[in-house]
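If you want the building blocks of each chain, they are given just below.
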Amino acid sequence: MTIALCLSLLSILMVVSSAVIVTGGIMEMKKLGDTELCVNGVLPRVSVIVPACNEGKNIKKAILSLLDQEYENKEIIVINDRSTDNTAMVLEGVRRNHPSVRILTLTEVADGWMGKSHALDQGAKMSTGEIILFTDADVIMEKTTISRAVNYFLEKKLDHLSLLFKNTTRGWLLNSLILDSGMALLLVFKPWRVRKDTSSCFIGVGAFNMIGRSVYKKIGGHRSIRMHPIDDVMLGKRVKQNGYRQDCLVAQDYVTIPWYGSVSEMVEGLLKNTFSVLHYRLAFVPLQLLLIFIANIYPFVGALWCEGAVQAICLLSLMVRSVLFCGGLHFLGLPVWYLAGSFLTPVISAYIVIKSAFVTTRNNGIFWRGRFYALQDLKKARPLLF
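None of the values given here were measured: they were computed from a predicted structure.

Trainee: Break down a nonpolar patch on the surface for me, citing the residues and quoting the values.
Mentor: A contiguous nonpolar surface patch, about 430 Å² in accessible area, is contributed by W172, W337, F343 and L344. Tracing the backbone through its elements, the reader meets W172 in helix 6 (residues 172-189).

And the structure:
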């Protein structure tokens, strides 16, 4: 059996199994829209904590969507985390019209902390709610989102609830890259399994991380993950590792966010995260690249330059991958012709993996939000996948 045939068989196996797992998993996940609103009565207080670093462009809309929530027993705490743009001015304007919004301004990060985790920790210390909701400064929530989420949280007796958001930025290549990356994350974390007590799967979503206050304290809060750049998923891991109940729902239009403004912005944004998934182990980089090549790049190579069985199998791999991609586009309400982007996204993904590892190793750490974090300190954090 030739190497080309072996690669083509391995490719079709990976593509088909991925398609089955992702499609079946998404169908298994519950939707927030199918959850009822909270009934009248004594409802737990929800503390909504919003970290903001140079979010003057988005923060007002985000806060207004929180103020518009059909859930009365809530408090909104905004952490202005070292912003150098007009965030402070925008927040002051919001507070004049809505005095209930609490604002904390931070001018520095405590030693041994990543900036966002430090801001979230400070917000949690200010909060008074029985339930804490961590969200981002560019997230827009439909007015019944919190009510539905709290109802589900209480009904299922959960300790942690995440919601999968919908991206609202435009661009065929950007959305193709987001979809491709999203499907990869679904394969890795399998959020449809997190509700099962027997499963080791875990999840956390920065746009919507709802957690019980007592559980948050018991797992050590953000202090326990203070030097991990992927704080949202790590919070979910801490919850699951400690035996608490977790679930994840598909929010669709209930939680929307302009995730990245362009492909270049997404590439730069993922530089601090991608290598950290491997816990900064260079030995795993070639393996990650090999998986990307076999599953997503080799089918194009085999279909164009090989013959016979190899070409046929590669064409079948491309067909299955295209059907899966089109299904994702339909689910997100995007044009089918965005499928063209799927021909380029594997190369971009490989580039992100290489650049993240190279830049982090060259700099012996990462620069993020105007601050440098040394690699030796980052490696001391709990690993995400190992």
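Once you've had a look at it, read on.
Trainee: With reference to specific residues and values, describe unusual backbone geometry.
Mentor: For R82, which is not glycine, the phi torsion reads 60° and is therefore positive. Considering the arrangement of structural elements, one finds R82 in the loop between strand 2 (74-81) and helix 3 (87-97). Its relative accessible area of 17% is what places R82 among the buried residues. Positive phi outside glycine occurs at K157, with the angle close to 55°. Among the residues examined, K157 registers a relative accessible area of 65% and is labelled exposed.

Trainee: Break down the sheet that holds strand 5 (residues 140-141) for me, with residues and values.
Mentor: The strand order across the open sheet built from 3 strands is 5-10-7, with neighbouring strands paired in mixed fashion. The outermost strands of the open sheet, each flanked by one partner alone, are strand 5 and strand 7 (166-167).

Trainee: Which residues make up the nonpolar core, and what values do they have?
Mentor: I59, V78, F134, L161 and M210 are the most contacted members of the largest nonpolar core, which has 71 residues in total. Discounting residues that sit within four places of it in the chain, F134 has contacts with I49, L120, A124, G206, A207, F208, N209, I211, Y216, H222 and L235. Grouped together as the second largest cluster of nonpolar side chains are 16 residues, V285, A350, L375 and L378 included.

Trainee: Please provide a residue-by-residue account of the sheet that holds strand 9 (residues 246-250), values included.
Mentor: Within the open sheet, the 7 strands sit side by side as 3-2-1-4-8-6-9. Their pairing is mixed. Strands at the two margins of the open sheet, each flanked by one partner only, are strand 3 (102-106) and strand 9. If you compare each strand with its neighbour and ignore which way they point, the axes differ by 20° on average. Here 4 bridges tie strand 1 (residues 46-52) to strand 4 (residues 131-134), and the two strands are oriented parallel to one another. Paired with S47 across the bridge in strand 4 is I132.

Trainee: Outline the environment of M210, supporting the account with residue identities and numerical values.
Mentor: Here M210 shows up in strand 8 (residues 209-212). Its relative accessible area of 0% is what places M210 among the buried residues. With 49 residues separating them along the chain, M210 and W259 place their C-alpha atoms 19 Å apart. When sequence neighbours within four positions are dropped, the list of residues in contact with M210 reads I131, I132, L133, A149, V150, F153, D159, H160 and L161.

Trainee: How would you summarise helix 10 (residues 285-305) if you had to cite specific residues and measurements?
Mentor: Count 3.6 residues to each turn of an α-helix, and residues three or four apart come out pointing the same way. Of all the bends in helix 10, the largest measures some 50° and sits at I297, one to four residues before the proline P299. For helix 10, the set of buried residues is V285, I292, I294, A295, N296, I297, Y298, P299, F300, G302 and A303. Buried positions along helix 10 lie against helix 1 (3-28), helix 9 (263-277), helix 11 (308-332) and helix 12 (345-363).

Trainee: Would you mind going over the packing of aromatic side chains in detail, with residue names and values included?
Mentor: If you walk through the whole model with that rule in mind, you get 10 aromatic pairs. Ring centres of F165 and W259 lie 5.4 Å apart, and the angle between their planes is 75°; on these two criteria the pair is classed as edge-to-face. Of the two residues, F165 is situated in the loop between strand 6 (160-164) and strand 7 and W259 in the loop between strand 10 (255-257) and helix 9; the sequence distance between them amounts to 94 residues. In this structure F165 comes out as partly exposed when scored by relative accessible area, which is 26%. Relative to W337, the ring of W172 lies with its centre 6.5 Å away and its plane at 35°, an arrangement referred to as tilted. With W172 in helix 6 and W337 in the loop between helix 11 and helix 12, this pair connects stretches of sequence that are 165 residues apart. The partly exposed category is assigned to W172, whose relative accessible area is 33%.

Trainee: Tell me about the pairing of strand 4, and name the residues and values.
Mentor: The side-chain alternation of strand 4 yields two buried faces, one formed by I131 and L133 and the other by I132 and F134. Summarising the sheet, strand 4 and strand 8 pair through 4 bridges and their orientation is antiparallel. The residue bridging F134 from the neighbouring strand is N209, located in strand 8.

Trainee: Requested: an account of the environment of L174, with residues and values cited.
Mentor: Inspection of the secondary structure assignment puts L174 in helix 6. With relative accessibility at 3%, the residue L174 sits in the buried group. As a C-alpha pair, L174 and L161 span 13 residues in sequence and 28 Å in three-dimensional space. Look past the residues within four positions of L174 in its chain and what remains in contact with it is T169, Y260, G261, S262, V263 and M266.

Trainee: Hey, could you go over the pairing of strand 1 for me, with residue numbers and the actual values?
Mentor: Here strand 1 lies mainly inside the structure; 7 of its 7 residues are buried. Residues of strand 1 alternate between two faces, with V46, V48, V50 and A52 on one and S47, I49 and P51 on the opposite face, all of them buried. When strand 1 meets strand 2, the two strands line up parallel, connected through 7 bridges. If you follow I49 over to strand 2, its bridge partner there is I77. In this fold, the crossover linking strand 1 to strand 2 by way of helix 2 (residues 59-67) has right-handed handedness.

Cut-offs used in this document
Residues numbered from 1 in each chain as written. Predicted model: local features only at pLDDT ≥ 70, side-chain atom pairs only at ≥ 80, totals over all residues. Heavy atoms only, no water. Patch = residues over 30% accessible without salt bridge, like charges linked within 9 Å, V, L, I, M, F, W, Y side chains within 5 Å. Areas by Shrake-Rupley, 256 points an atom, 1.4 Å probe, with all protein chains shown as cover. Salt bridge = Lys/Arg side-chain N within 4 Å of Asp/Glu carboxyl O. Helix = DSSP H or I, 4+ residues; strand = E, 2+ residues; numbered from the N terminus. Buried < 20%, exposed > 50% of the residue type's maximum accessible area, 1.4 Å probe, protein only. Pairing = 2+ DSSP bridges. Core = buried A, V, L, I, M, F, W, Y, C linked by side-chain atoms within 4.5 Å. Contact = heavy atoms within 4.5 Å. Axes fitted to C-alpha atoms, helices over the stretch in contact; angles between N-to-C directions. Bend = angle between axes of the 7 residues up to and from the residue. Phe/Tyr/Trp six-rings, centres within 6.5 Å; stacked < 30°, edge-to-face > 60°. Right-handed = clockwise from strand over helix to strand, strands pointing away.

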